[in-house]
Amino acid sequence: MGINDAARPLDGAVVSGFLRSLPAKPLLLGLGEARHFVEELGEQRNEIFRHLVEHEGYRSFAIESDCLRGLVVDDYVTTGIGDLDDVMDRGFSHGFGASPANRELVRWMRAYNEGHDEKLRFHGFDGPLEYWAASPRQALTGLHGLLDGPLPCAMETLDTLLGPDDRWTNEATVMDPSQSVGRSADAQRLRLLADDLVALLDTQAPRLSAEARERAALYGRTAVGLLRYHHWMADTSPTRIARLSGLRDAMMAANLRAVAENGPALVFGHNLHLQRSKSFMPLGDQQLEWWSAAAIAETHLGDRYAFLASALGTVGDDAPPSDTVEGLLSTLPWDRSLIDARRLAATITKPAPRISHDVAYFPLDPAHLDMIDGVVFLKEAVRLGRFG
């Protein structure tokens with residue numbers, strides 16, 4: 001059996017066939033990025049999502065972007081509130097709003113909703129953690145505003161304890177934990193108040209609409225997660241970065257579980273966050289490790305989670321060696337393919353790991369092919385965005 005037997009040209013019918021081959025219909029279908037800001041992959045993702053909506057009953061899309069900013073996009077696609085230019089500017093983190101493929105996705109979702117009663121939903125599943133941690137103000141005050149008295153504190157108390165947002169958003173804390181406010185007396189009290197507010201939400205859930213409960217729960221888990229993250233940003237131990245990375249993925253996992261409650265959904269984010277295996281990162285003489293968001297979420301979802309990793313052949317002017325997984329897949333006759341990863345793992349023997357000249361590209365790990373359900377392979381990626 002050759003690799004052609006494990007692969008098919010990528011189209012909607014092949015995606016549906018892939019879903020039928022799984023042991024259960026996934027509530028979350030992860031489509032991983034081997035590299036952020038690849039327009040060809042974004043366009044292919046849009047085609048897959050349209051097919052899933054029109055033929056497989058999918059109604060939600062989640063992207064690796066700030067979950068609170070994502071509310072701006074969700075409001076736009078569900079109700080038409082806002083202007084598309086402004087939504088793309090305010091509704092995404094990490095510069096993802098500048099992507100033409102993301103803009104086309106949002107435009108299409110809004111157009112679809114205008115003609116259908118059952119609305120498509122948009123979610124960000126990352127925390128407000130764009131290389132540094134945001135202020136917990138929006139999450140705390142948003143949750144407080146949705147609850148009824150008696151409350152554990154007044155809104156003015158939250159404002160006083162939060163203080164200026166710039167003390168929370170100081171980018172220098174990424175490298176210098178002594179500049180973090182995460183273990184200050186104010187932050188410690190805010191953590192207790194956040195816990196009380198989340199507990200109060202449970203007691204008041206019956207009086208809230210389904211939409212209000214969903215938003216309050218998002219605010220609650222984000223407030224608690226952010227304050228916990230800030231606490232550990234002030235840590236000075238050697239495990240600091242690994243702990244922060246694990247906390248970020250845990251916040252992602254909690255958001256993914258919430259998305260799954262309204263599934264099925266297509267989830268789009270980096271392979272490293274959607275993979276089932278552990279994440280590893282060298283740092284000096286340390287090897288840091290933590291579990292990915294999808295690995296955590298899958299402990300709750302089981303076989304209702306499925307993962308399509310992406311892989312790229314030639315990235316810009318960087319072509320894969322012929323003895324790597326990407327090099328072997330480049331011999332396929334199609335520009336875009338869907339490969340059964342487990343059949344591929346059984347077909348190829350000891351491929352070499354790819355060392356890419358593009359530092360933003362993360363090659364497939366040959367040792368983990370059997371932990372992937374499928375591979376979306378693009379033979380060439382030319383239109384690269386940031387870091388390209």
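Every chain begins its residue count from 1, and numbering advances along the sequence as written. Reporting of local features is limited, given that this is a predicted model, to residues whose pLDDT is at least 70; pairs of side-chain atoms are given and counted only at 80 or more, and all residues count toward the totals for whole chains, interfaces and linings. Calculated side-chain values reflect all of the structure's heavy atoms, with hydrogen atoms and water omitted.

Draft legend 1. View of the pattern of salt bridges. Definition used for salt bridges: Asp or Glu carboxyl oxygen within 4 Å of a side-chain nitrogen of Lys or Arg. Per the stated rule, a full pass over the model turns up 21 salt bridges. The closest approach of N and O atoms between Arg215 and Asp75, which form a salt bridge, is 3.2 Å. Here the residue Arg215 occupies a position in helix H9 (residues 210-233), and Asp75 occupies one in helix H3 (residues 70-79), the gap between them amounting to 140 residues. By relative accessible area, Arg215 is classed as partly exposed at 21%. Residue exposure (1.4 Å probe, protein chains only): buried if accessible area is under 20% of the type maximum, exposed if over 50%, otherwise partly exposed. In this structure Asp75 comes out as partly exposed when scored by relative accessible area, which is 24%. Asp235 is the salt-bridge partner of Arg183, the closest N and O atoms lying 3.9 Å from each other. Of this pair, Arg183 sits in the loop between helix H7 (155-162) and helix H8 (185-204) while Asp235 is found in the loop between H9 and helix H10 (240-260), placing the two residues 52 residues apart along the sequence. Accessibility expressed as a relative area gives 35% for Arg183, which makes it partly exposed. Put simply, DSSP H or I for four residues or longer makes a helix, DSSP E for two residues or longer makes a strand, and each gets a number counted from the N terminus.

Draft legend 2. Just unusual backbone geometry, in detail. Following Gly149, the chain continues into Pro150 via a peptide bond in cis, with omega recorded as -5 degrees. Summarising the element assignment, Pro150 is placed in the loop between helix H6 (137-146) and H7. Cis rather than trans, the peptide bond between Gly263 and Pro264 has omega equal to 5 degrees. Counting through the fold element by element, Pro264 comes out in the loop between H10 and strand S5 (265-270). Positive phi values are uncommon outside glycine, yet His94 reaches one of about 60 degrees. Relative accessible area serves as the criterion here: at 6%, His94 is assigned to the buried category. Positive phi, normally seen in glycine, also occurs at Lys350, with a value near 50 degrees. Judged by its relative accessible area of 85%, Lys350 falls in the exposed class.

Draft legend 3. Examining the sheet that holds S5 more closely. Pairing in this open sheet of 8 strands is mixed, and the strands run S1-S9-S10-S8-S2-S5-S3-S4 from one edge to the other. The strands lining the two open edges of the sheet, one partner per strand, are strand S1 (7-9) and strand S4 (121-126). With strand direction ignored, the average angle separating the axes of adjacent strands in the sheet is 25 degrees. Two strands are said to pair when DSSP picks up at least two bridges between them. As defined by bridge partners, S1 adjoins strand S9 (residues 336-340) across 3 bridges and the pair is classed as antiparallel. Of the residues in S9, the one forming a bridge with Ala7 is Ile339. Axes here refer to lines fitted to C-alpha atoms; in helices the fit is confined to the stretch in contact. Angles between the N-to-C directions go from 0 to 180 degrees.

Draft legend 4. Just the environment of Asp66, in detail. Tracing the chain through its elements places Asp66 in strand S3 (residues 60-66). The spacing of Asp66 and Leu129 is 63 residues in sequence and 7.1 Å in space, taken between C-alpha atoms. Polar contacts, as counted here, are pairs of nitrogen or oxygen atoms within 3.5 Å of one another; within protein the pair requires one atom able to donate a hydrogen and one able to accept it, and residues that are adjacent in sequence qualify only if both atoms are side-chain atoms. At 2.8 Å, the side chain of Asp66 and the backbone nitrogen of Leu68 are in polar contact.

Draft legend 5. Examining the domain arrangement of the chain more closely. Split by domain assignment, the chain resolves into domain 1 (3-129 + 252-381) and domain 2 (136-236). We call two residues in contact whenever any of their non-hydrogen atoms come within 4.5 Å of each other. At the interface, 12 residues of domain 1 touch 10 residues of domain 2. Summed over both partners, the accessible surface that disappears when two parts come together, traced with a 1.4 Å probe, is what is meant by buried area. Summing the contributions of domain 1 and of domain 2, the shared interface buries around 930 Å²; its carbon and sulfur component is 61%. Considering only the surface of domain 1 that becomes buried against domain 2, Leu68, Leu71 and Leu129 emerge as the three largest contributors, covering 50% of it. One can count 2 salt bridges joining domain 1 with domain 2. Applying the counting rule to domain 1 against domain 2 returns 4 residue pairs in polar contact (both at pLDDT 80 or more). The set of elements that each furnish at least two residues to the side of domain 1 that touches domain 2 consists of H3, S4 and H10. Top element by residues in the side of domain 1 that touches domain 2 is H10. It accounts for 3 residues. Only Asp, Glu, Lys and Arg are considered charged in this grouping, and only Ala, Val, Leu, Ile, Met, Phe, Trp, Tyr, Cys and Pro are considered nonpolar; every other residue, Gly among them, is considered polar. Taken together, the residues of the side of domain 1 that touches domain 2 break down into 7 nonpolar, 3 polar and 2 charged. Note that the domain bounds were set by an automatic or database domain assignment.

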